[in-house]
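Structural characterization, general
Next come the chains, spelled out residue by residue.
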Amino acid sequence: DVKVTQSSRYLVKRTGEKVFLECVQDMDHENMFWYRQDPGLGLRLIYFSYDVKMKEKGDIPEGYSVSREKKERFSLILESASTNQTSMYLCASSSPGSHSYNEQFFGPGTRLTVL
Amino acid sequence: GEDVEQSLFLSVREGDSSVINCTYTDSSSTYLYWYKQEPGAGLQLLTYIFSNMDMKQDQRLTVLLNKKDKHLSLRIADTQTGDSAIYFCAESPMVGSGNTGKLIFGQGTTLQVKP
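Overview of the structure.

The rules we used
- Residues numbered from 1 in each chain as written.
- Chains lettered and ligands numbered in written order.
- Predicted model: local features only at pLDDT ≥ 70, side-chain atom pairs only at ≥ 80, totals over all residues.
- Heavy atoms only, no water.
- Pairing = 2+ DSSP bridges.
- Helix = DSSP H or I, 4+ residues; strand = E, 2+ residues; numbered from the N terminus.
- Axes fitted to C-alpha atoms, helices over the stretch in contact; angles between N-to-C directions.
- Contact = heavy atoms within 4.5 Å.
- Buried area = accessible area lost by both parts, 1.4 Å probe.
- Salt bridge = Lys/Arg side-chain N within 4 Å of Asp/Glu carboxyl O.
- Nonpolar A, V, L, I, M, F, W, Y, C, P; charged D, E, K, R; others polar.
- Core = buried A, V, L, I, M, F, W, Y, C linked by side-chain atoms within 4.5 Å.
- Buried < 20%, exposed > 50% of the residue type's maximum accessible area, 1.4 Å probe, protein only.
- Polar contact = N/O pair within 3.5 Å; in protein donor to acceptor, adjacent residues only side chain to side chain.

Take the sheet that holds strand E3 (residues 19–25) of chain A next. All names here are of chain A. Strand order in this open sheet of four strands is E1-E3-E8-E7, and the pairing throughout is antiparallel. Of all the strands in the sheet, the pair left with one neighbour each is strand E1 (4–6) and strand E7 (65–70). In this sheet, adjacent strand axes meet at a mean angle of 20 degrees when their direction is disregarded. Strand direction decides the pairing type here: E1 and E3, joined by three bridges, are antiparallel. Paired with Val 4 across the strands is Gln 25, a residue of E3.

So this is what it looks like as structure tokens:
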């Protein structure tokens, strides 16, 4: 059974803390993505990666960074957490396919609360 | 730029048909998708349609695509309480002759099914 796992389902942090969200996939996928999900706004792409050590900014990268040292692992880092980063964070992975459909496989999400 | 719009909420009675609508802006998208998010879970691909098709049927699900109006709909026949979830429409923008691997999601439609 293919899987995308995220390190925590719920996380509570304080303003100014450094926060690491980890995502691991077991499907040997090249592409990995980090989204945040907020009510009424849908999913917004923070960062994505097409390969190890490669990263590209999504639509809302401010306040976030990422790391991809191994193919199966994609980490999202909040250097100094702020209350407006309270959200649901979803990780996804997919295989590249220049002419095929893009099924992205999602993890269960991490609900982060910043106090 | 790319944009996908959905209404936020739909309520139906068990046994009725549900129709969830979506509009998108990027006419280059080769595939359009419907994802389902059950409570407390990540997103899961429900169905997709190739852009040169008008309709796709899969058991209780019917997807209609109007390319001229950039309108996509998902019809669920005989809606059950287990269909209660958030449904996301998504497009995959192309760059040149290949897709980017990225998906642009709508805001999500919460489907409430009353017994």
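Okay, the interface of chain A and chain B next. Contacts between chain A and chain B engage 25 residues on the former and 25 residues on the latter. Overall, the association of chain A and chain B removes approximately 1900 Å² of surface from exposure, summing both partners, and the carbon and sulfur fraction of that is 52%. On the chain A side of the contact with chain B, Leu 43, Tyr 101 and Asn 102 of chain A bury the most area, a combined 29% of that side's loss. The interface formed by chain A and chain B holds zero salt bridges in total. Counting only elements with at least two residues in the side of chain A that touches chain B, the list comes to strand E4 (31–38), strand E5 (42–49) and strand E9 (87–94) of chain A. Looking at the side of chain A that touches chain B residue by residue, the class counts come to 11 nonpolar, 12 polar and two charged.

Moving on: the sheet that holds strand E8 (residues 71–76) of chain B. Residues and elements named next belong to chain B. What the five strands build is an open sheet, ordered E1-E3-E8-E7-E6; its pairing is antiparallel. Single-partner strands in this sheet number two, and they are strand E1 (4–6) and strand E6 (55–58). Averaged over all neighbouring strand pairs, the angle between strand axes comes to 15 degrees, with direction disregarded. Relative to strand E3 (residues 18–24), E1 runs antiparallel, the two sharing three bridges. Along E3, the bridge assignment pairs Gln 6 with Cys 22.

With that settled, consider the environment of Ile 46 of chain A. Structurally, Ile 46 of chain A is set in strand E5. Those residues in contact with Ile 46 of chain A that sit more than four places away from it in its chain are Trp 34, Tyr 35, Arg 36, Lys 57, Gly 58, Asp 59, Ile 60, Pro 61, Tyr 64, Leu 76 and Tyr 89 of chain A.

A word on the nonpolar core. Ranked by size, the top nonpolar core spans 21 residues in total, and within it Trp 34, Ile 46, Leu 76, Leu 78 and Tyr 89 of chain A carry the most contacts. In this structure, Val 4, Val 12, Leu 72 and Ala 85 of chain B belong to the second largest nonpolar core, which totals 20 residues.

Our focus in this paragraph is the side chain of Thr 79 of chain B. All names here are of chain B. As for its placement among the helices and strands, Thr 79 is situated in the loop between E8 and strand E9 (85–91). On the basis of relative accessible area, Thr 79 is assigned to the buried category, the value being 0%. Within the local environment of Thr 79, its side chain forms a polar contact with the side chain of Ser 18, the two groups lying 2.7 Å apart. For Thr 79, the contacting residues outside a window of four places in its chain are Val 12, Glu 14, Gly 15, Asp 16, Ser 17, Ser 18, Arg 60, Leu 111 and Val 113.

What follows covers the pairing of strand E8 (residues 73–78) of chain A. Residues and elements named next belong to chain A. Extensive coverage of E8 is indicated by the burial of five of its six residues. Sheet analysis places E3 next to E8, joined by six bridges and oriented antiparallel. Bridge pairing in E8 places Glu 22 opposite Ser 75. Here four bridges tie E7 to E8, and the two strands are oriented antiparallel to one another. Opposite Lys 70, over in E8, you have Arg 73 as the bridge partner. Count of turn residues in the E7/E8 antiparallel hairpin: two residues.

What follows concerns unusual backbone geometry. A positive phi angle is found at Asp 28 of chain A, which is not glycine, with a value near 60 degrees. Looking at the element boundaries, Asp 28 of chain A is found in the loop between E3 and E4. A relative accessible area of 51% means that Asp 28 of chain A is categorised as exposed. The backbone of Asp 78 of chain B shows a phi angle near 50 degrees, a positive value even though the residue is not glycine. On the secondary structure map, Asp 78 of chain B appears in the loop between E8 and E9. What makes Asp 78 of chain B partly exposed here is its relative accessible area of 40%.

Treat this as a map of the structure, not an account of what it does.
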